[in-house]
Structures are given as C-alpha cells and as structure tokens.
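# Structural features, examined
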Amino acid sequence: MIVIAQLSDVHLDGGPRAAERTRAVVEYLDGLPYDLDAVLVSGDIADGGTAAEYEEARKALTTRHPVVLCPGNHDERVAFRRVLLGEADPSAEPVDQVLRGEGFVLAVCDSSVPGEHHGYLADSTLAWLDGILTDTPHEVPVLVAFHHPPVELHTPYVDGIRQFGQERLAGLAERHPHLLAFLCGHAHTAAVTTFAGRPLLVAPGVVSTLRLPWETRTDPGHHVHLDEPPAVAFHVIGDDGRLTTHYRVVVAGR
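No experiment lies behind these values; they were computed from the predicted model shown. Positions within a chain are numbered from 1, following the residues in the order the chain's sequence is written. Per-residue local features are limited, in this predicted model, to residues with pLDDT of at least 70; the limit for side-chain atom pairs, both in listing and counting, is 80 or more; totals at the level of whole chains, interfaces and linings are taken over all residues. Each side-chain value is derived from all of the structure's non-hydrogen atoms; neither hydrogens nor water enter the calculation.

A word on the packing of helix 2 (residues 51-60) against helix 3 (residues 77-84). One way to put it is that helix 2 packs onto helix 3 with a least axis distance of 9 Å and a crossing angle of 40°. With respect to each other, helix 2 and helix 3 are oriented oblique. Regarding helix 2 and helix 3, the two cross each other, and that crossing is right-handed. Residues Ala-51, Tyr-54, Glu-55, Ala-57 and Arg-58 of helix 2 form the contact with helix 3, whose participating residues are Ala-79, Phe-80, Val-83 and Leu-84. Along the lines of polarity and charge, the residues of the contact of helix 2 with helix 3 split into seven nonpolar, no polar and two charged. What counts as an axis is a line fitted to C-alpha atoms, over the stretch in contact for a helix, and the angles between N-to-C directions run from 0 to 180 degrees. Strands here are runs of E lasting at least two residues and helices are runs of H or I lasting at least four, both read from the DSSP assignment and numbered beginning at the N terminus. An angle counts as roughly parallel when it lies under 35 degrees, as roughly antiparallel when it exceeds 145, as roughly perpendicular when it falls between 65 and 115, and as oblique in every other case. Handedness of a crossing follows from how the near helix is turned relative to the far one, being left-handed for an anticlockwise turn of less than a right angle and right-handed for a clockwise one. Throughout, a residue-residue contact means that at least one pair of heavy atoms, one from each residue, lies within 4.5 Å. We call Asp, Glu, Lys and Arg charged. Ala, Val, Leu, Ile, Met, Phe, Trp, Tyr, Cys and Pro are nonpolar, and the rest, Gly among them, are polar.

Listed below in structure tokens is the structure:
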C-alpha cells in the first residue's frame, strides 16, 4: 500500500507555540515504524512569509520521509523558492511541483494569489497540471494538492477566501479519470467532501483548529480553538486502488 501523510497550516512565526506544535507532529512522523511514501505540507508554511520564517521551516520540517511543501495565502513565493527550494534566482511565478512515487503521482499546485487571501489556480498552473495528468499512464493514480479548497465547507470565515475559478479545474478533471482525489488545507479543520466527482480531503491545522459555526464562541470574531492539539491526515492507496483517509491527533510526548 501507499501511505502519504498530510499536515497543513503550521504558520511558523519565530515564536515557541507554532514551533512546538510543528515539532510534535514531525517527531510523531519520524517515530513511525513505517516508511511513508510522502509527507505533504499543504500551505501556510510561514505566518508572515519572511526569509527567517522559511529558514525556521526548512529545519523544522526536515524528516526522514520525502517531503513536498506547498505555498498558502500566508506564504511569499520568492522567499519560499529561495530558502525552501534552494533557488539562487527565484521568480514570483506559481510554485508548482510534482512527486513521482512508486505507483502514484502527487501533483502540488500553487493556489496562492500574491497579496490576497483567497485562492485561484493560474492558467499556467492548470496547463502544467494537464500536462502531468496527460503524461501519467492511466493505471497510475494521481493525487492533486493545493492550499485552498475549491468548494464551500459551510464555514463562512474560510468560505469567503476559498479557491475561486474552480469550474476550470473541474473541467480539467473530467478529461483525466486517473485523477484519484484532491487534497487541500487552509480550513484548519479535518473535513471530507467531494469536488468534480472526486474526494476532496481537507487536512486539519497544526497551529490551530477552526471553530465551526455551530460551536460556542465568546465573540463573533472568535474563529479558532487554540487549545486543541495538532493533527495530521494519512491518505492510503490500497493495492486495489481504493483511497482511504485516516485523521490522527498528535499529542506531544505520547
């Protein structure tokens, strides 16, 4: 079987809280007796998009498993490329990456919009993804990842800054039946829904957990739980090609 771990929204900011929560998750993954096929970090790596935050992330997100880092709305492309990808002359173009594993492909799309909090896949990203899917044999499953969910999750705070222009991505998916599922973050809550006839699997947050509209708030702006522990998702592709996702809460020291 193929096992891919996904964590999201670490928001490293030079402070101890985000660092400690990220460290707990990475130590948990490194302590597993199983070699993961990939670890996806689906956006908002840095809280302010600074070079210092990315240097912190470069060290904090180092693990024995293969890692792919995806930008989110808090990230800055040039600094992301320079520090995390080691590019000497980084551009501000979308950071699109592909991991071709043993029996699967993970295509990671940059849904960030510089200077904005909502998401949108650039035409160049969609063309790149179309090429990845076209070049991948149909017997090989492809997981497509990005930061922003392309549908409403019934969470008003997040829904207002979700991924827009999603009909273009849906049209692309129709042409590629081996596109197995979509993976995203941004919502700071574990969620499962569908998009374009495929599973849309939303990773929980590491730095915080979204407070759902029907949960108690102390005031209208009280959007997140800060006392809930971080969590990760495990996406499993079985020998029969069926996808299963498990969510696991991570408690430091356990």
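Now that the structure has been shown, the text picks up again.
By definition here, a salt bridge exists when the distance from a side-chain nitrogen of Lys or Arg to a carboxyl oxygen of Asp or Glu is within 4 Å. Applying the stated criterion to the full structure yields seven salt bridges. Measuring nitrogen to oxygen at the nearest pair gives 2.9 Å for the salt bridge that ties Arg-81 to Glu-87. Given a relative accessible area of 26%, Glu-87 falls into the partly exposed group. For every residue, the accessible area (1.4 Å probe, protein chains only) is compared with the maximum for its type, and the residue is labelled buried under 20%, exposed over 50%, or partly exposed between those bounds.

To count as a disulfide, a pair of cysteine sulfur atoms needs to be within 2.5 Å. What the rule picks out here adds up to zero disulfides. Residue Cys-70 stays outside any disulfide, its sulfur separated by 7.9 Å from that of Cys-109, the closest cysteine. Counting only cysteine sulfurs, Cys-70 is the nearest neighbor of Cys-184, a cysteine outside any disulfide, at a range of 9.9 Å. Overall, Cys-184 belongs to the buried group, its relative accessible area being 0%.

Another point: the sheet that holds strand 2 (residues 38-42). Pairing between two strands requires that DSSP report at least two bridges joining them. Pairing within the open sheet is mixed, and its five strands lie in the order 3-2-1-14-15. Edge strands, defined here as strands with exactly one partner in the open sheet, are strand 3 (67-70) and strand 15 (243-249). With strand direction ignored, the average angle separating the axes of adjacent strands in the sheet is 20°. In this structure, strand 14 (residues 231-237) lies alongside strand 15, joined through seven bridges in antiparallel fashion. When the bridges of strand 15 are listed, Ala-231 appears paired with Val-249.

In this section: helix 3. The periodicity of an α-helix, 3.6 residues per turn, causes residues three or four positions apart to be oriented the same way. Helix 3 sits mainly inside the fold: six of its eight residues count as buried. Against the buried residues of helix 3 lie helix 2, strand 3 and strand 4 (97-101). At the exit of helix 3 stands Gly-86, carrying a positive phi of roughly 70°.

Attention shifts here to the sheet that holds strand 10 (residues 191-195). One open sheet accounts for six strands, arranged 4-5-7-9-11-10; its pairing is mixed. Pairing within the sheet leaves two strands with one partner each, and these edge strands are strand 4 and strand 10. Along the sheet, successive strands turn relative to each other by an average axial angle of 20°, direction set aside. Where strand 5 (residues 104-108) and strand 7 (residues 142-145) come together, four bridges link them in parallel fashion. Bridged to Leu-106 within strand 7 is Leu-143. On the sheet, helix 4 (residues 123-135) packs against strand 4, strand 5, strand 7 and strand 9 (179-184) and is oriented at approximately 175° with respect to strand 5.

Between rings of Phe, Tyr and Trp, where Trp is taken as its six-membered ring, a pair exists when centres lie within 6.5 Å; planes separated by under 30 degrees are stacked, by over 60 edge-to-face, and by other angles tilted. Enumeration over the complete set of coordinates arrives at four aromatic pairs. Taking 6.3 Å as the distance between ring centres and 65° as the angle between the ring planes, the aromatic pair formed by Tyr-28 and Phe-234 counts as edge-to-face. One end of the pair, Tyr-28, is in helix 1 (residues 16-30); the other, Phe-234, is in strand 14, with 206 residues separating them in the sequence. Residue Tyr-28 is classed as partly exposed on the basis of its relative accessible area of 25%. Ring centres of Tyr-54 and Phe-80 lie 5.8 Å apart, and the angle between their planes is 75°; on these two criteria the pair is classed as edge-to-face. Linking Tyr-54 in helix 2 with Phe-80 in helix 3, this pair joins segments that are 26 residues apart in sequence. Here Tyr-54 matches Phe-80 in class, with each residue buried.

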